[in-house]
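Reading the structure
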Amino acid sequence: QVQLVESGGGLVQPGGSLRLSCAVSGSIFSIYAMGWYRQAPGKQRELVSRITSGGSTNYADSVKGRFTISRDNAKNTVYLQMNSLKPEDTAVYYCNAFGRISPDQPVRHYWGQGTQVTVSS
């Protein structure tokens, strides 16, 4: 069974930094992309950043220049370095992996349980 285990959330003051980590455990054949989504109260879940197995990245406009995504393919782990945090970054952050558990299985999304990030003075 595939599990995504997130860590690194918490409370930080505006302008501060946090680093989120997400490790994929269990048997998975291939992961094509990993990323982070977030959901603030009363809002829809949105993509924050995504990175492919080849290293291509994309970011939401609201976080460009402040957040950096990276990935350790050998460890099936993805990181999100968040700098210059703003109150509007407050949300539950969800890790996502897009892959398949065996060659004959379809690709699908896997989700972590979410980690709270609160930016407040």
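Let me begin by describing the structure that accompanies this report. (Residues numbered from 1 in each chain as written. Predicted model: local features only at pLDDT ≥ 70, side-chain atom pairs only at ≥ 80, totals over all residues. Heavy atoms only, no water.)

Another aspect to go through is the environment of R71. With respect to the element layout, R71 can be found in strand β7 (residues 67-72). Considered as a pair, R71 and G26 are 45 residues apart in the sequence and their alpha carbons are 18 Å apart. Those residues in contact with R71 that sit more than four places away from it in its chain are I31, Y32, A33, M34, I51, T52, S53, T77 and V78. Within polar-contact distance, the side chain of R71 engages the backbone oxygen of I51 at 3.4 Å. From its side chain, R71 meets the backbone oxygen of T52 in a polar contact 3.4 Å long. (Helix = DSSP H or I, 4+ residues; strand = E, 2+ residues; numbered from the N terminus. Contact = heavy atoms within 4.5 Å. Polar contact = N/O pair within 3.5 Å; in protein donor to acceptor, adjacent residues only side chain to side chain.)

According to the stated counting rule, one finds four salt bridges in the structure shown. The partner of K64 in a salt bridge is D61, with the nearest N and O atoms 3.1 Å apart. Salt bridges sharing common partners tie together R38, E46, R66 and D89. (Salt bridge = Lys/Arg side-chain N within 4 Å of Asp/Glu carboxyl O.)

Take the state of the cysteines next. In the structure shown here, the tally under the stated rule is one disulfide. Disulfide partner of C22: C95, at an S-S distance of 2.0 Å. In this structure the cystine formed by C22 and C95 twists about its S-S bond by roughly -85°; its chirality is therefore left-handed. Here C95 lies in strand β9 (residues 91-100) and C22 lies in strand β3 (residues 18-25), a separation of 73 residues in the sequence. With respect to class, C22 is no different from C95; both count as buried. (Disulfide = S-S within 2.5 Å. Buried < 20%, exposed > 50% of the residue type's maximum accessible area, 1.4 Å probe, protein only.)

The next point concerns the environment of K86. As for its position among the elements, K86 is in the loop between β8 (77-82) and β9. Spatially, the C-alpha atom of K86 lies 8.3 Å from that of G16, the residues being 70 residues apart in sequence. If we skip the residues at most four places from it in the chain, K86 touches R66 and V119.

This part is about the nonpolar core. Ranked by size, the top nonpolar core spans 29 residues in total, and within it W36, L80, M82 and Y93 carry the most contacts. At the level of secondary structure, the elements contributing two or more residues to this core comprise β3, β4 (30-39), β5 (46-52), β7, β8, β9 and β11 (115-119). Residues in contact with L80, not counting those within four places in the same chain, are L18, R19, L20, W36, V48, S49, F67, T68, I69 and Y93. (Core = buried A, V, L, I, M, F, W, Y, C linked by side-chain atoms within 4.5 Å.)

In short, shape yes, function no, at least from these values alone.
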